[in-house]
Amino acid sequence: MNSIASRIQKIFSESFSVQPQLFFSPGRINLIGEHVDYNDGFVMPAAINKGVYYAVAQNGTDECHFYAIDFDEWFSINIHEIKKINSWKNYVLSVVNEFLLLKKSIKGFNCVFSGDIPRGSGISSSAAVEGGLAFALNELFNCGLSRVELARLCQRAEHNFPNVKCGIMDQFANMMGKKDNVLLLDCKNLEHQYFPLQLDGYKIVLLNTKVHHSLASGEYNVRRQRCEEGLAILQSKLNIQSFRDIYSAERIISCKDEMKKEVYDCCQYVIEEILRTKKAAELLQQHDLIGFGKLMYATHEGLSKLYQVSCPELDFLVEQTLDNVAVIGSRMMGGGFGGCTINIIAADAIEGFIEKTGKAYLQKFNLELEAYITETGDGTSEILFTN
Ligand code: GLA
């Protein structure tokens, strides 16, 4: 068994004198389609082999006991008194709250959890925290929710107590991921396809800037508002319903004077990114990785210049790849303002690349770069083990 899973199992059984059920809930990568999930766009995420591990069991009372190993913090609350509090507690309590809002008959439980996703790295530790607990409660109390229903529940949970108005991508990938596959998800109706991820001698490498600018969640909601504001104007002028109905960003030039510059720029980015993601999916199916990589660079440019969710550290890491023939695509990944870049790199050049980039990054920002060679994995599931 994985060492984190054994550790939480041990701590759980020492603390509560019973054997728990164990669950693994993955983080995600996203190949392309950034900041379009809440704009009816398409995204291409995959679940990965890093995530959050849970040990959970019913306790026959109305008390919920949590131990967050990575914060070394215990917390208890009566199930009838669930409310917004702060920090990691909001993520787990908000999930419990969503079950209660659905009138699911859940009761007290004990829960120990820990993970190997660095916080703020843009690999969606929050969806992993939400998804693991939601999946466990659904199993423990026989609530009968499907994986897609659980993904939606977790998205509502993130909107509610943590107040991050996220799209559905992270929670969907967390529940629906499949090893060796990426998802092409239509965020308008949740239709999805799996594509085998065939990288032919290339690998996906995440480079963690190790910075997470504190404005991230507030700015995330601001981007969402800008898009809503812009879309309302486009709807009134262009006879369209959603950004995806616009087949060229040039079509919105006639609306430029009606919008604040930052709103216009966000609309332009979203229209381009939706078209880009559709194109990227075609290229991946045709095994045109070079073409795919070019689109990743274009996404980064848009996120940095138009959508304005990058930061100097992310821009620097992408720039470092530009003159390196072993890297075919690089861009910031996730919400932005720090976290990771995602890179497609020739397998035999990875070691040298990480070393060189790490040195340059240290020199420029006085920060140690972290690199993860990523493997895809399955969505949240129970870890079945024998004693
Ligand atoms: C965060 C959100 C997602 C998505 C990405 C940006 O990870 O949780 O819903 O919007 O940012 O693509």
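Presented here is an overview of the structure given in this document. (Residues numbered from 1 in each chain as written. Predicted model: local features only at pLDDT ≥ 70, side-chain atom pairs only at ≥ 80, totals over all residues. Heavy atoms only, no water.)

**Some remarks on the environment of histidine 35**
Cut-off, in case you're wondering: A helix here means a DSSP run of H or I that spans at least four residues, while a strand means a run of E at least two residues long, and both kinds are numbered starting from the N terminus. Only protein chains enter the accessibility calculation, which uses a 1.4 Å probe. A residue is then buried if its area is under 20% of the maximum for its type, exposed if over 50%, and partly exposed in between. Note on contacts: a residue pair is in contact if any heavy atoms of the two residues lie within 4.5 Å. Two N or O atoms count as a polar contact when they lie within 3.5 Å, although within protein this holds only if one can serve as hydrogen donor and the other as acceptor, and sequence-adjacent residues are included solely when both atoms are side-chain atoms.
Position of histidine 35 among the secondary structure elements: in the loop between strand 1 (21-30) and strand 2 (42-43). Assessed through its relative accessible area of 5%, histidine 35 is described here as buried. Along the sequence, histidine 35 and isoleucine 204 sit 169 residues apart, while their C-alpha atoms lie 20 Å from each other. In this view, histidine 35 contacts Tyr220, Tyr269, Val270, Leu303, Tyr307, Val309, Gly334 and Gly335; residues no more than four positions away in its chain are not counted. Among the polar contacts listed, one links the side chain of histidine 35 to the backbone oxygen of glycine 335, at a separation of 2.9 Å.

**A few points about the pattern of salt bridges**
What counts is decided by this rule: Any Lys or Arg side-chain nitrogen located within 4 Å of an Asp or Glu carboxyl oxygen qualifies as a salt bridge.
Here the structure, examined in full by the defined rule, presents 17 salt bridges. With a shortest N-O distance of 3.0 Å, lysine 89 and glutamate 73 are connected by a salt bridge. With a gap of 16 residues between them, lysine 89 in helix 2 (residues 87-101) and glutamate 73 in strand 5 (residues 73-78) connect regions that are remote in the sequence. Between glutamate 301 and lysine 305 there is a salt bridge, with its nearest N and O atoms 3.1 Å apart. Taken together, the residues glutamate 301 and lysine 305, both in helix 8 (residues 289-306) and four residues apart, mark about one turn of the helix. Judged by relative accessible area, glutamate 301 falls into the partly exposed class, the value being 45%. Among the residues examined, lysine 305 registers a relative accessible area of 52% and is labelled exposed.

**Notes on the sheet that holds strand 12 (residues 370-373)**
For sheets, the rule is that strands pair by backbone hydrogen bonds, running either parallel or antiparallel. Quick reminder of the rule: Any two strands between which DSSP finds at least two bridges are classified as paired. Note on geometry: axes are lines fitted to C-alpha atoms, helical ones only across the stretch in contact, with angles between N-to-C directions running from 0 to 180 degrees.
Taken in spatial order, the four strands of this open sheet run 10-11-9-12, and their pairing is antiparallel. In this open sheet, the two strands that pair with only one neighbour each are strand 10 (327-332) and strand 12. In this sheet, neighbouring strand axes are inclined to one another by 20° on average, regardless of whether the strands run parallel or antiparallel. Alignment of strand 10 against strand 11 (residues 338-346), held across five bridges, turns out to be antiparallel. Along strand 11, the bridge assignment pairs glycine 329 with isoleucine 344. This element, helix 9 (residues 312-321), spans strand 9 (202-212), strand 10 and strand 11 of the sheet and lies at about 10° to strand 11.

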